[in-house]
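# Summary of the model geometry
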Amino acid sequence: MVSEGGPTLPDGPAVLDRPDPARVRDELVELVLRDLHGPLDGPEEDFDADPVERYPLGRLAPAGTVVEPETLDDIAEAESPDPAEGDPEPTGPNVASLFPSAIGLTARVAAGVGELVVTAEWGRYERVASDSPVGPPRVWRRVPMCGRAVVRLAEGLLPAVPLSPDQPGVVVRGRARRHADTWLVSLFLVNAQHGEHTAKSAWLFQTSLSVTGPEPAASTHDQDRTARPAAVFLPRDETVSGGDASDRAEQRRLAMAYRFHPEFAVGHATAVHPETDPGDPMRAWRVSTVAAPRYELPATDTPDPVRDPDLSELADVVVDMARLAELADGPPDTLTAALTPLVRGYRHWIEAQAATANEPGRHLAGYQDEATDALEAARRAARRIESGIAVLASDPRARRAFGFANRAMALQRVHTMAAERRRKDPELGLDVVLAEIDRPENRSWRPFQLAFILLNLPSLADPRHPERDVDQARAVADLLWFPTGGGKTEAYLGLTAFTLAARRLSPPLGGLNPAGGVGVLMRYTLRLLTIQQFQRAATLICAAEALRRDDAATWGDTPFRLGLWVGGQVTPNRTDVAADWESDIRRGRGRGAGRSSPHQLTSCPWCGTAIDAGRDITVNKTRRRTLVVCPDVFCPFGAGSADREGLPVVVVDEEIYRLLPGLVIATVDKFAQLPWKGETSALFGRVTGRCERHGYITDDLLGTDWEATSHPARNGEPAARLVPAGALRPPDLIIQDELHLISGPLGSLTGLYEAAVDRLCTWEPERGSPVRPKVIASTATVRRAPHQIGALFHRRTEVFPPPGLDASDSFFARQRPTTGPGAAPGRLYVGICSHGVRTKSTLIRAYVSVLGAAQRLHEKYGANEITDPYMTLVGYFNSLRELGGMRRLVEDDVTTRLARADQRGLSRRYDPMLAELTSRLSSADIPKILDHLAVPFAPRVAGQRRPLDVLLA
C-alpha cells in the first residue's frame, strides 16, 4: 500500500534516457494512488480543499456517520438508452446506511502462538492557520498518526485496545477461535469516536493495519536488527464443494496447480497483502490491509534453451518456418530429425516432473491422484505429437501440405510486419522492408504452436482418423489454452493453411471433391473480434494464393479465398446492396448512415497500402462480384494483377455462397440463417452445378433472373454456361475462438445450431464409419472445459498444453519471475473501491487520475512507444446505458478537471478525443476505430489525425 509519507516520484527535468517499461508502469500507478489515496504532498501536507472530497480511498468515518441514499447515485444515464436492455434496475440502496468506520482481516495462525503484534498507521487532518503569506488563511494540515499493540490470543472476543493517546477513540478489537488445532483470528482497526462524526478532524485517512507474530527475542550478545518475526500465518483451508463430481475434481486440480499461491487472510472492507517467508512460500510472516490492492500476474513465456537450461533439447528443434518448408521438400528423415527433439524434450520434462513429485518441497501431499492425471495427460499429448511426426515421415501428401503451410505462414508473418511498417511510413518500399524483416526470428514457431499443429496433423491429413469418428468416446475436440497475446491465432492459422493444402492434394473420397468448397469454418461471438481476425487471416490467404499462382499445377486453378460471413448489419447480404453502397460512396452520400459495408480492410494486408472505399472497392454487376483491389500497381493483388480478382477476400453473403472460399470467418449467430436460406447449403458442399461466370449454385438459385443456364457475352465478359458439378467435401476443420464467450443463453442457442452444423459437415467415405469435422477451440480462460465442450460439440476434450503439476510450468509455457535475476514485468492489476462514494464521482476521479498521470509521464520521458500505450484509457461497461452515461461525464466533468490536473501533481490535458466501440457503431466504423488506436501520441500538427484519448466499450 502507499506508505505514510506517500509514494516517491522523481522530480526535476525530463529524463533523457530511454525509460524502462516496468518503471513507467509503476510510476503511473504511484501517481494515480497518490492522487486518490494520498498523502499527495508528503506526511505533513496542507491544503485548502475538503480532505473528505480530496481522498476517496483509505478513509474511515467516525462511528455512526450516515450515508444518505441520494448520494449513492448511478452513473449519469445516456440520453437515449437502448430499449433492448429493458428498464434499468436500481443499483444503490434506497435507505440510509452507515459509512465504513472499520477495516480488518481474518487470518489463520499457528497453534502455538500466544500473541500477535498489531501496528496501525493513519493520518488525520486539522484546520489550522496557514504558514504561507499567500493563499487561504486557514488550511487542512495532515497529522501523521500510528500505534502499536500486543494482542493476546484467547477464545472469544478480544478487548478493545487504544492505539494513540491523541485519539483514544481509535482502537483495535477482534475475536479469536480455535479451529482444527490452529487459531482463526479476526482483527479490526475501528474509528470509534462516537459523537464526533460531524467533525472532519475525526475522520481517518490513509489507514492501514499490519499484523505479525511475536517479536524475535534479542540475543544475549548482540541483537540481530534484521531478524523478522516468525512466520506464524498459515494458508486458509482449501474448500472443495458444490457442483458435480467433475467440477469438484477440477477444483482439486486447480488447488494443486496454484498451491504455491495460497490465501493467507481475507479482508473486511479492504484488501489484504501477505508477505511470505523467503524460505517457505506456505507461511507468511506479516499480513497487512491495503486500500488499493495490487497483484502482478507473472508473464507467461515460451521455453527457451538459453533461459531454461533444463530444456536443452529445444535447441535442436527447427522452428524457422522457411527452413521447415525446405526440409519438407527433402528426405523424410531430415524433417523428422528437425522435429523429434521437441517430443524428446517434452518427455524428458515429464519424467523429471514425475521423479520429483514425492519430494517434500513440491508440497504435493494429498494431490497424488491429481498429479498422476496431470502427468498422464502430458504423456498422452507427447504420444499425439509423435504421431504427427510419424505421419510426416510416412505420408508424402501430408509432408507436402506441411511444407506449404510453413511457407504460407512464413510469408504471413513477414508481410504482416512489413505492412505494419508501411502503414506508418508509406514511403518505404515493400522490397526494402521485406529484406530487413525476413529473418528467422521473425518467422519462427513458438514450441507450443508447432506442437499443437503436429498433434492435430494426423486427423487433418486422414479424414478417417479416429479423432473424427461419430463416436463421442473416440472423437476429440482440442482446446488451445494459452494466455492472451501468447500466439494462439498463429497456431490455428497454421492448421488452417495445412488443411487447405491437404484438401487440394487429397483424392475424392466418397465421391466428394475436396479441392473446392469451404475447408475451414472459423467462428467468433463478437463483431470486433471477427473483423480483427479477418484482417489477420487475410494475410495468410494472400500468402496461400501467391504460392498457388507460382505452382498452379500442384495447387489448382481455383484461387484460395477468404470469406467474411457476418450478416447484413456488417457486410452486404447481396451484391445489389454492395452496388448501392458503392454508388452512395462515390456520390459522397451514406458515409455515416450505418449501412452494411464491404469496406472491412482499411489497408492491403500484403503490402500495407491504404485502401480507399470510394476508389478501391468496385462492384461488377455482370460478374456479380464485389472486388477489393490494392491501389499499388506493383502489388500482386493490385489493379495490375492478371486475374482481375484483387485481394482474395469475399465480403458479400451472396458471393460467399457462390465462390465458396476455402476459409470462412463467421459469427456464431450467423448460423441462424441455415433453416431460412437454402443457399447456405453450399457452405457444406451441397451444390447442384457451377456457372462459369458466377460460381456454384444450389437448387434455390436455379431459375432466378440472373442465374440462367447460359449467359451471352456482355460488358467484356465472355459467354458462360451452367455446367454440372459434383458434391463438394464439407468443411474439415471448425475453429471456435474465444470459447469462454459462448456461455449462458448464447451457449444454449449455439449448442442447438452446433448439432445441425456437425451433421451437415458429416460425410461418408467409401469405407469406414462416417467422418465428422475436426473441432478446435481456443481460449485464455475457461472452467469446466470437458463438460462445456462435450455439451457443445459432443466430443471428449483434450486441453493443450496440458497443465503440469504447477501453474508456473507446463513445459510449453513458463511463468517468469517479476523480481530477481531474469525478472520480466508481468500484468499488473490494481483495485480501487471507494466505500460510501458516489459511483460517478469515483469514475470521474479515476479517469482524471489515469489520464493526467499518463500525460505527465509522456511529457517527462518524451513521446515514445513505451509511454504511448498508457495514453489511451479504455473503459468497459456492462450496458449501453452505463456507457452512455460515462460518455457524458467524460465530455463534461472529466474534460473540465483534466484542464487543471496540474494542481494535483498531474499534467493538464485538453480536449480529450473520445470514441466508443459498441453495437451502436456502424460496421464501417469498426475498422476505422481499430486503425485509430494505432495512431501514436505526438505533438499536434495541423492536418494530422489525432489519437484517441478515451475509448469506451
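Residues numbered from 1 in each chain as written. Predicted model: local features only at pLDDT ≥ 70, side-chain atom pairs only at ≥ 80, totals over all residues. Heavy atoms only, no water.

### Here we look at the overall build of the chain
A tally of helices and strands in the chain yields 20 helices and 35 strands. Since a compact globule built from 953 residues should have a radius of gyration of about 30 Å, the 32 Å found for the chain is in line with a globular shape. The C-alpha extent of the chain, read off along each of the three principal axes, is 100 × 70 × 55 Å. In the chain, which comprises 953 residues, the share counted as buried stands at 53%. Within the chain, contacts between residues separated by at least 24 positions form 73% of all contacts whose residues are at least 6 apart in sequence. Distance between charge centroids for the chain: 3 Å, based on 112 positive and 124 negative side chains. (Helix = DSSP H or I, 4+ residues; strand = E, 2+ residues; numbered from the N terminus. Rg over C-alpha atoms; globule rule 2.2 N^0.38 Å. Buried < 20%, exposed > 50% of the residue type's maximum accessible area, 1.4 Å probe, protein only. Contact = heavy atoms within 4.5 Å. Lys, Arg positive; Asp, Glu negative; His and termini not counted. Charge placed at Lys NZ, Arg CZ, Asp CG, Glu CD.)

### Quick notes on helix 9 (residues 447-461)
The terminal C-alpha atoms of helix 9 lie 21 Å apart, and with 15 residues this matches the ideal 21 Å at 1.5 Å per residue to within 8%. L455 marks the point of greatest bend in helix 9, at about 35 degrees, and the proline P458 comes within the next four residues. Counting buried positions along helix 9 yields 14 of 15 residues, so the element is predominantly enclosed. (Expected span 1.5 Å × (residues − 1). Bend = angle between axes of the 7 residues up to and from the residue.)

### Focus on empty space enclosed by the protein
A complete count under the given rule lists five cavities of 30 Å³ or more for this structure. Its boundaries defined by the atoms lining it, the largest cavity holds a volume of some 80 Å³. Broken down by element, the lining of the largest cavity gets its largest block of residues, six residues, from helix 16 (residues 744-760). Residue classes in the lining of the largest cavity are distributed as seven nonpolar, one polar and three charged. (1 Å grid on protein atoms, 1.4 Å probe; cavity = no way out; pocket = protein on both sides within 12 Å on 5 of 7 lines; lining within 4 Å. Points joined across faces, edges and corners; volume = space filled by probe spheres on them. Nonpolar A, V, L, I, M, F, W, Y, C, P; charged D, E, K, R; others polar.)

### Side note on unusual backbone geometry
Cis geometry marks the peptide bond from G38 to P39, where omega comes out at -5 degrees. Counting through the fold element by element, P39 comes out in the loop between helix 1 (21-36) and strand 1 (46-47). Across the junction of F800 and P801, the peptide omega takes the value -5 degrees, indicating a cis bond. Tracing the backbone through its elements, the reader meets P801 in the loop between strand 30 (796-800) and strand 31 (814-815). Of note, the phi angle at H363 is positive, near 55 degrees, even though the residue is not glycine. Structurally, H363 can be placed in the loop between helix 5 (332-356) and helix 6 (368-394). A relative accessible area of 31% means that H363 is categorised as partly exposed. At E738, a residue that is not glycine, the phi angle is positive and equals roughly 50 degrees.

### A word on the packing of aromatic side chains
By the definition in use, this model includes 18 aromatic pairs. A centroid spacing of 5.7 Å and a plane angle of 40 degrees characterise the contact between F404 and F560, whose relative ring orientation is tilted. Taken as a pair, F404 in helix 7 (residues 396-424) and F560 in the loop between helix 12 (552-555) and strand 19 (562-565) lie far apart in primary sequence, 156 residues in all. Note on accessibility: F404 and F560 belong to one class, buried. (Phe/Tyr/Trp six-rings, centres within 6.5 Å; stacked < 30°, edge-to-face > 60°.)

### As for the pairing of strand 14 (residues 280-290)
For a regular strand, side chains alternate in direction, first toward one face of the sheet and then toward the other. Summarising the sheet, strand 10 (residues 205-212) and strand 14 pair through three bridges and their orientation is antiparallel. Residue pairing in the sheet places V211 in a bridge with V287 of strand 14. Bridging between strand 13 (residues 271-277) and strand 14 involves seven bridges; their strand directions are antiparallel. What sits directly across from A271, in strand 14, is V290. Here strand 13 folds back onto strand 14 in antiparallel fashion, the turn holding two residues. (Pairing = 2+ DSSP bridges.)

### Regarding the nonpolar core
Counting 125 residues, the largest nonpolar core has Y346, I385, F402 and F800 as the members making the most contacts within it. Here the element with the most residues in this core is helix 11 (residues 527-550); it accounts for 11 residues. (Core = buried A, V, L, I, M, F, W, Y, C linked by side-chain atoms within 4.5 Å.)

### Quick word on the sheet that holds strand 26 (residues 710-711)
The four strands are arranged 25-24-27-26 in an open sheet whose pairing can be described as antiparallel. If you trace the sheet from one side to the other, it starts and ends with strand 25 (695-697) and strand 26, each paired once. Looking at chain direction, strand 24 (residues 689-691) and strand 27 (residues 720-723) are connected through two bridges and run antiparallel. Across the sheet, C691 pairs through a bridge with L722, a residue of strand 27.

### Describing the sheet that holds strand 19
Strand order in the open sheet formed by eight strands is 22-19-23-18-28-29-17-30, with parallel pairing between adjacent strands. Across the chains shown, the open sheet's two edge strands, defined by having one partner strand only, are strand 22 (649-650) and strand 30. Judged from the five bridges that link them, strand 18 (residues 520-524) and strand 23 (residues 663-667) form a sheet pairing that is parallel. The residue bridging Y524 from the neighbouring strand is T667, located in strand 23. Where helix 6 meets the sheet, it contacts strand 17 (476-481), strand 29 (774-779) and strand 30, and its direction lies at approximately 85 degrees from that of strand 30. (Axes fitted to C-alpha atoms, helices over the stretch in contact; angles between N-to-C directions.)

### Considering the pattern of salt bridges
The tally for this structure, following the rule as stated, stands at 68 salt bridges. For K774, the salt bridge identified is with D478, shortest N-O distance 2.6 Å. Here K774, found in strand 29, pairs with D478, found in strand 17; they are 296 residues apart in sequence, far enough to count as distant. Grouping residues by exposure puts K774 and D478 together as buried. Here the residues in one salt-bridge network are D301, R307, D308, D310, D809, R814 and R816, joined through shared partners. (Salt bridge = Lys/Arg side-chain N within 4 Å of Asp/Glu carboxyl O.)

### Digging into the packing of helix 4 (residues 321-328) against helix 5
The interhelical angle for the contact between helix 4 and helix 5, taken along N-to-C directions, is 145 degrees, at an axis separation of 8 Å. Within the contact between the two elements, helix 4 uses L324, L327 and A328 and helix 5 uses T334, L335, A338 and L339. Its residues placed into classes, the contact of helix 4 with helix 5 shows six nonpolar, one polar and no charged.

### Looking at the environment of F99
Structurally, F99 can be placed in the loop between strand 3 (97-98) and strand 4 (102-109). According to the relative accessible area criterion, F99 is buried, its value standing at 8%. Through-space distance from the C-alpha of F99 to that of A61 is 6.2 Å; in sequence the pair is 38 residues apart. What F99 contacts, discounting residues up to four positions off in sequence, is R59, A61, T65, V67, W203, H835 and G836.

### Concerning the side chain of D949
Following the sequence through the fold, D949 ends up in the loop between helix 20 (925-933) and strand 35 (950-952). Owing to a relative accessible area of 5%, D949 belongs among the buried residues under this scheme. For D949, the side chain forms a polar contact with the main-chain nitrogen of M913, separated by 2.6 Å. (Polar contact = N/O pair within 3.5 Å; in protein donor to acceptor, adjacent residues only side chain to side chain.)

### Some thoughts on the layout of surface pockets
Estimates place the volume of the second largest pocket at around 1500 Å³. Elements that contribute at least two residues to the lining of the second largest pocket include exactly helix 3 (245-257), strand 16 (300-301), helix 6, strand 17, helix 17 (785-793), strand 30 and strand 31.

### Description of the confidence of the model for the chain
The predicted model of the chain has a mean per-residue pLDDT of 88, with 92% of residues at 70 or higher. Counting interchain partners and residues more than four positions distant, the pLDDT-below-50 stretch residues 1-16 has 37 contacts. (pLDDT = per-residue confidence, 0-100.)

### Brief notes about the packing of helix 1 against helix 18 (residues 839-861)
Any two packed helices are characterised by how steeply their axes cross, that is the angle between the axes, and by the distance between the axes. As a packed pair, helix 1 and helix 18 sit with axes 9 Å apart at the nearest point and diverge in direction by 135 degrees. Compared by their axis directions, helix 1 and helix 18 come out oblique. As for how helix 1 packs across helix 18, the hand of that crossing is right-handed. Of the residues in helix 18, those in contact with R23, V24, E27, L28, L31, V32, R34, D35 and L36 of helix 1 are R845, A846, S849, V850, A853, A854, R856, L857, K860 and Y861. Here the contact of helix 1 with helix 18 is composed, by residue class, of 11 nonpolar, one polar and seven charged. (Parallel < 35°, antiparallel > 145°, perpendicular 65-115°, else oblique. Left-handed = near helix turned anticlockwise from the far one by under 90°.)

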